[in-house]
Every structure is written in structure tokens, then in C-alpha cells.
Amino acid sequence: CHPAAVKIARSLSKNTVLVTDAISALGMGNGSHTLGASDIDVKDGRATVRGTDVLAGSVASMDVCVRKFRQFTGCDYCEVLA
């Protein structure tokens, strides 16, 4: 996610909801994985269809989402988790 997009979303509503749609490769680390019938590669937190730059899905866990949201918006944990 882009920091500016997160800041804009937060400025429009204080009722922001964090969601992760992580795929099965979450927590598996860098390497080759399978998602259904597709072969995917995970490198540095980015999952792509093998041999392409096409995103295969997210590998961001909720704790990563919370940390990035705090970093991008300056909110404290109480605000993020409320």
C-alpha cells in the first residue's frame, strides 16, 4: 500500500477498518509456492505469478498492516485498535 493513499483514507474517515486478504503463502517466506493451480513466487513481501510481475495476492499479516498504518498515519496503538 502507498503511504499517501492510507493517509488520505484516514483523513476522510476516523472509522477506518484494516483488512488483510492474505493468500496461503502468508508466513512461508521468500520462495516458490502454489496458489490453487498457479505457481507463485514470494520475494520481499510481494507475491507474483511465477515468471511475471502480476500480483498473485497479499502476503501481509494483520500485524504488518497495523504497523504500517501507524507508521503512515502517526496514530497510536489505542487509535488503531479501537
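Above this text you will find the structure in question.
Below is a summary of the structure that appears in this document.

Rules used throughout
Residues numbered from 1 in each chain as written. Predicted model: local features only at pLDDT ≥ 70, side-chain atom pairs only at ≥ 80, totals over all residues. Heavy atoms only, no water. 1 Å grid on protein atoms, 1.4 Å probe; cavity = no way out; pocket = protein on both sides within 12 Å on 5 of 7 lines; lining within 4 Å. Points joined across faces, edges and corners; volume = space filled by probe spheres on them. Helix = DSSP H or I, 4+ residues; strand = E, 2+ residues; numbered from the N terminus. Nonpolar A, V, L, I, M, F, W, Y, C, P; charged D, E, K, R; others polar. Salt bridge = Lys/Arg side-chain N within 4 Å of Asp/Glu carboxyl O. Buried < 20%, exposed > 50% of the residue type's maximum accessible area, 1.4 Å probe, protein only.

1. Details of the layout of surface pockets
What the largest pocket holds in volume is close to 570 Å³. Lining the largest pocket are 22 residues, and of these Cys1, Ser58, Ala60, Cys65 and Lys68 lie nearest its centre. Looking at the lining of the largest pocket, the elements that each hand over two or more residues are α1 (3-12), β3 (46-49), β4 (55-57) and α2 (62-73). With five residues, α2 is the largest single contributor of residues to the lining of the largest pocket. Broken down by class, the residue content of the lining of the largest pocket amounts to 14 nonpolar, five polar and three charged.

2. Brief notes about the pattern of salt bridges
Within this structure, the stated rule accounts for four salt bridges. In this structure, Asp39 engages Arg50 in a salt bridge whose closest nitrogen and oxygen atoms are separated by 3.5 Å. Here the residue Asp39 occupies a position in strand β2 (residues 38-43), and Arg50 occupies one in the loop between β3 and β4, the gap between them amounting to eleven residues. For Arg50, a relative accessible area of 35% corresponds to the partly exposed category.

Take it as geometry only, folks, not as evidence of what the structure does.
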